[in-house]
Amino acid sequence: MKKKILVKNMVCNRCITFLEQEFKKVGLVVVSITLGEIVFLEKEGVDEAFIESLLSKNGFELVKEVGMMVNEQVKIACIEAIDNLEAATEENLSAYLSKKLKKDYSVLSKMFSKQEGITIERYYINLKIEKVKELIQLQRLNFSEIAYSLNYKSSSHLAAQFKSVTGMSMSEYKNLQQWDRKSLDQIV
């Protein structure tokens, strides 16, 4: 029988590959795996405590509470929006999340803020700034192209937001060469 679980801190393709390998090592057949979600075939002798232990020893967490599940879905949707630019120009973040998660944004927002201690909007901005840091490090795009690629209205808007979040200009960050970046699971 198939079992579906939600996993906290599973935020990138490396996480997917890693957990798929870990499940296979212990003889669990993974039916599907996406950011934050694993569907596998149940196996005799493998209970929730075993799965929880497997996840925990590798820095992940089994999501049990409804509020925590919703928050993980919000985080994953925000990460996907930035990576795929899905939430681009046609709709704002609140409309995108409501449609994607099939829940009223005010409900999502209250649950997220209560549990995470930060608004969805602030979380999304923090994610975007980490993406900007990544793009600066890659040195493939200039600042204007980075702003455009992340759907900022102007490079000056991005520059102001970057300075507000990091305390330094994008040029200062670029010249540091000792780049301080947070992993996606550490952003709140």
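What counts and how
Residues numbered from 1 in each chain as written. Predicted model: local features only at pLDDT ≥ 70, side-chain atom pairs only at ≥ 80, totals over all residues. Heavy atoms only, no water. Helix = DSSP H or I, 4+ residues; strand = E, 2+ residues; numbered from the N terminus. Expected span 1.5 Å × (residues − 1). Buried < 20%, exposed > 50% of the residue type's maximum accessible area, 1.4 Å probe, protein only. Pairing = 2+ DSSP bridges. Salt bridge = Lys/Arg side-chain N within 4 Å of Asp/Glu carboxyl O. Contact = heavy atoms within 4.5 Å. Axes fitted to C-alpha atoms, helices over the stretch in contact; angles between N-to-C directions. pLDDT = per-residue confidence, 0-100. Phe/Tyr/Trp six-rings, centres within 6.5 Å; stacked < 30°, edge-to-face > 60°.

## Overview of helix H6 (residues 120-138)
- Between the first and last C-alpha of H6 there are 27 Å, a value that for 19 residues agrees with the 27 Å anticipated at 1.5 Å per step.
- Counting buried positions along H6 yields 14 of 19 residues, so the element is predominantly enclosed.
- Once H6 finishes, Gln139 follows within two positions and takes phi at roughly 55°, a positive value.

## Topic: the pairing of strand S1 (residues 2-8)
- Sheet analysis places S1 next to strand S3 (residues 37-41), joined by five bridges and oriented antiparallel. Paired with Lys2 across the bridge in S3 is Leu41.
- Strand direction decides the pairing type here: S1 and strand S4 (residues 61-62), joined by two bridges, are antiparallel. Considered in S4, the bridge of Lys8 is made with Glu61.

## Overview of the pattern of salt bridges
- Within this structure, the stated rule accounts for 10 salt bridges.
- With a closest N to O distance of 3.4 Å, Lys4 and Glu37 form a salt bridge. Taken together, the positions of Lys4 in strand S1 and Glu37 in strand S3 put the pair 33 residues apart, joining distant regions of the chain.
- The class of Glu37 is partly exposed, set by a relative accessible area of 23%.
- A cluster of three or more residues bridged by salt bridges with shared partners is formed by Glu48, Glu52 and Lys64.

## Quick word on the sheet that holds S3
- Strand order across the open sheet formed by four strands is S2-S3-S1-S4, with antiparallel pairing between neighbours. Every other strand in the sheet has two partners, leaving strand S2 (30-34) and S4 as the edge strands with one partner each.
- As paired elements, S2 and S3 share four bridges and run antiparallel to each other. Bridge assignment links Thr34 to a residue of S3, and that residue is Glu37.
- Against the sheet, helix H1 (residues 13-25) touches S1, S2 and S3, its axis set at about 160° to S2.

## Re the confidence of the model for the chain
- When pLDDT is averaged along the chain, the result is 87, and 91% of the positions lie at 70 or above.
- Mean pLDDT per element in the chain: helix H3 (residues 66-84) is the minimum at 86, and helix H8 (residues 155-166) is the maximum at 95.

## Here we look at unusual backbone geometry
- In this structure, Lys102 takes a positive phi of about 55° despite not being glycine.
- Of note, Lys102 is situated in the loop between helix H4 (93-101) and helix H5 (105-116).
- Taking the relative accessible area as the measure of exposure, Lys102 reaches 72% and is therefore exposed.
- Look at Asn151: it is not a glycine, yet its phi comes out positive at around 65°.

## Observations concerning the packing of aromatic side chains
- As enumerated under the stated definition, the model contains four aromatic pairs in all.
- Both rings, one in Phe23 and one in Phe40, keep their centres 5.4 Å apart while their planes meet at 70°; by these two values the pair is edge-to-face. Of the two residues, Phe23 is situated in helix H1 and Phe40 in strand S3; the sequence distance between them amounts to 17 residues.
- Both rings, one in Phe162 and one in Tyr173, keep their centres 5.7 Å apart while their planes meet at 70°; by these two values the pair is edge-to-face. Residue Phe162 is located in helix H8, and its partner Tyr173 is located in helix H9 (residues 170-176); the two are separated by 11 residues in the primary sequence.

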